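Here are the chains, one letter per residue:
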Amino acid sequence: LREADSFFSREDIEAYIVGGFLRDTVLKGEKELLDVDIAVPRNAIALGQRLARKMRAGFVVLDNEHGACRLVRKSQGKLFTLDLTDYRGPTLKEDLRLRDFTINTLALPLHEAVTRQKRQWKVLDLYGGRRDLGARVIRMVSVRSFDDDPLRILRAFGFASRFGFTIEASTLRLIKRKVKLLETVSFERIRDELFKILDRKDAFAYLCRMDALGIIAVLFPEISPMRHMAQGPYHHLDVWKHTLET
């Protein structure tokens with residue numbers, strides 16, 4: 001991070017740490033520095049290529065359209081990743097407003113992160129991220145959230161299951177209205193998010209909630225004939241509920 005900060009300082013670019021690292025640091029107090037997301041005003045891919053050469057790191061473009069890339073370097077037997085992204089709007093405030101959930105809208109100047117003790121960090125919290133982390137709530141940042149990326153419907157349940165949080169009511173209502181948008185998301189992205197939920201010990205409870213909102217019906221239309229299909233006298237559930245419980 002110090003190497004990255006020196007690079008951005010020479011380029012006269014104000015870079016911000018955003019996303020999961022800050023969320024988990026506030027939530028748990030400590031987080032191993034293995035992956036960090038950094039937002040810059042523009043030219044993230046070109047900057048990332050140059051920074052990767054200076055750091056002797058691997059480099060891959062994640063998203064040409066939205067300006068996102070990843071630097072990877074192995075040290076002491078561990079893989080460290082640094083993701084660079086362009087602002088999603090003209091300013092940092094707009095970038096944070098276009099993120100998925102309030103708990104992921106915290107930001108911190110990279111220079112401050114590497115030059116000050118953690119207790120001295122002045123984390124930017126423009127959309128109530130700390131409040132919702134304290135209340136253990138998943139809340140959309142804006143009503144555009146699921147239109148911008150429908151996969152966020154699954155990510156809401158992924159974060160809820162990971163942290164044991166509750167999805168707040170207005171976010172749930174919007175998910176129910178927007179659930180059909182999941183049909184536009186690639187199977188690969190859906191698989192990755194779904195497997196994160198299935199990996200949790202309480203996956204059953206979250207799958208039931210997803211089913212009640214119509215999410216399962218969109219992800220697995222083949223399940224429809226199983227609903228309300230009776231079984232033999234030794235079964236107290238229909239085929240779908242029996243399968244889900246199993």
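Residues numbered from 1 in each chain as written. Predicted model: local features only at pLDDT ≥ 70, side-chain atom pairs only at ≥ 80, totals over all residues. Heavy atoms only, no water.

Brief notes about the overall build of the protein chain
Then, in step 1: A count of helical and extended segments in the protein chain gives 13 helices and eight strands.
Then, in step 2: With respect to the principal axes defined by its C-alpha atoms, the protein chain has extents near 75 × 35 × 35 Å.
Then, in step 3: Split into buried and exposed, the 246 residues of the protein chain put 46% on the buried side.
Then, in step 4: For the protein chain, long-range pairs separated by at least 24 residues make up 62% of all intrachain contacts whose partners lie at least 6 apart in sequence.
Then, in step 5: On the protein chain, roughly 13900 Å² of surface is accessible, and the fraction owed to carbon and sulfur atoms is 51%.
Then, in step 6: Placing the 43 positive and 34 negative side-chain charges of the protein chain at their respective mean positions leaves the two points 3 Å apart. (Helix = DSSP H or I, 4+ residues; strand = E, 2+ residues; numbered from the N terminus. Buried < 20%, exposed > 50% of the residue type's maximum accessible area, 1.4 Å probe, protein only. Contact = heavy atoms within 4.5 Å. Areas by Shrake-Rupley, 256 points an atom, 1.4 Å probe, with all protein chains shown as cover. Lys, Arg positive; Asp, Glu negative; His and termini not counted. Charge placed at Lys NZ, Arg CZ, Asp CG, Glu CD.)

Comments concerning the layout of surface pockets
Then, in step 1: Of the voids in this model, the largest pocket is the one considered here, and its volume is about 1700 Å³.
Then, in step 2: For the lining of the largest pocket, the secondary structure elements donating two or more residues are α2 (20-28), β2 (35-40), β3 (58-63), β4 (68-75), β5 (78-86), α8 (152-163) and α10 (187-198).
Then, in step 3: Ranked by residues supplied to the lining of the largest pocket, first place goes to α8 with six residues.
Then, in step 4: For the lining of the largest pocket, the class distribution of residues is ten nonpolar, eight polar and 24 charged. (1 Å grid on protein atoms, 1.4 Å probe; cavity = no way out; pocket = protein on both sides within 12 Å on 5 of 7 lines; lining within 4 Å. Points joined across faces, edges and corners; volume = space filled by probe spheres on them. Nonpolar A, V, L, I, M, F, W, Y, C, P; charged D, E, K, R; others polar.)

Quick word on the side chain of D132
Then, in step 1: Inspection of the secondary structure assignment puts D132 in helix α6 (residues 129-135).
Then, in step 2: Given a relative accessible area of 0%, D132 falls into the buried group.
Then, in step 3: A polar side-chain atom of D132 sits 2.9 Å from a polar atom in the side chain of R139.
Then, in step 4: Beyond its immediate sequence surroundings of up to four residues, D132 is in contact with T102, I103, V137, R139 and F165. (Polar contact = N/O pair within 3.5 Å; in protein donor to acceptor, adjacent residues only side chain to side chain.)

Topic: the packing of aromatic side chains
Then, in step 1: This structure, assessed with the given rule, holds six aromatic pairs.
Then, in step 2: With 5.3 Å between their ring centres and 70° between their planes, F7 and F8 make a pair best called edge-to-face. Each member of the pair F7 and F8 is classed as buried.
Then, in step 3: Where F163 meets F165, the ring centres are 5.4 Å apart and the plane angle is 40°; that geometry is what we call tilted. Take F163 and F165: they sit in the same class, and that class is buried.
Then, in step 4: Sitting above the plane of the Y206 ring, R209 keeps its charged end 4.6 Å from the centroid. (Phe/Tyr/Trp six-rings, centres within 6.5 Å; stacked < 30°, edge-to-face > 60°. Lys NZ or Arg CZ within 6 Å of the ring centre and 35° of its normal.)

A short note on the nonpolar core
Then, in step 1: F8, I38 and I215 are the most contacted members of the largest nonpolar core, which totals 63 residues.
Then, in step 2: With near-sequence residues (within four places) excluded, F8 lies in contact with I13, A15, I38, V40, L47, L51, L84 and L110.
Then, in step 3: Within the second largest apolar cluster, nine residues are counted, among which are V18, A39, Y87 and L96. (Core = buried A, V, L, I, M, F, W, Y, C linked by side-chain atoms within 4.5 Å.)

With respect to the sheet that holds β5
Then, in step 1: Spatially, β3-β4-β5-β2-β1-β6 is the arrangement adopted by the six strands of the open sheet, whose pairing is mixed. Here the strands that pair on one side only, and so sit at the sheet edges, are β3 and β6 (107-109). Looking at each pair of strands side by side, their axes are set apart by 30° on average, direction ignored.
Then, in step 2: Looking at chain direction, strand β1 (residues 16-18) and β2 are connected through three bridges and run antiparallel. Each bridged residue has a counterpart across the sheet, and for I17 the counterpart in β2 is I38.
Then, in step 3: Sitting on the sheet, α2 is in contact with β1, β2 and β6, with an inclination near 65° to β1. (Pairing = 2+ DSSP bridges. Axes fitted to C-alpha atoms, helices over the stretch in contact; angles between N-to-C directions.)

Observations regarding the pairing of β4
Then, in step 1: Inspection of the sheet shows β3 paired to β4 by five bridges, in the antiparallel sense. Looking across to β4, one finds that G58 is bridged to V72.
Then, in step 2: Between the end of β3 and the start of β4, which pair antiparallel, lie four residues, with G67 showing a positive phi angle near 70°.
Then, in step 3: The hairpin formed by β4 and β5 contains two residues between the paired strands, and Q76 there has a positive phi angle of roughly 50°.

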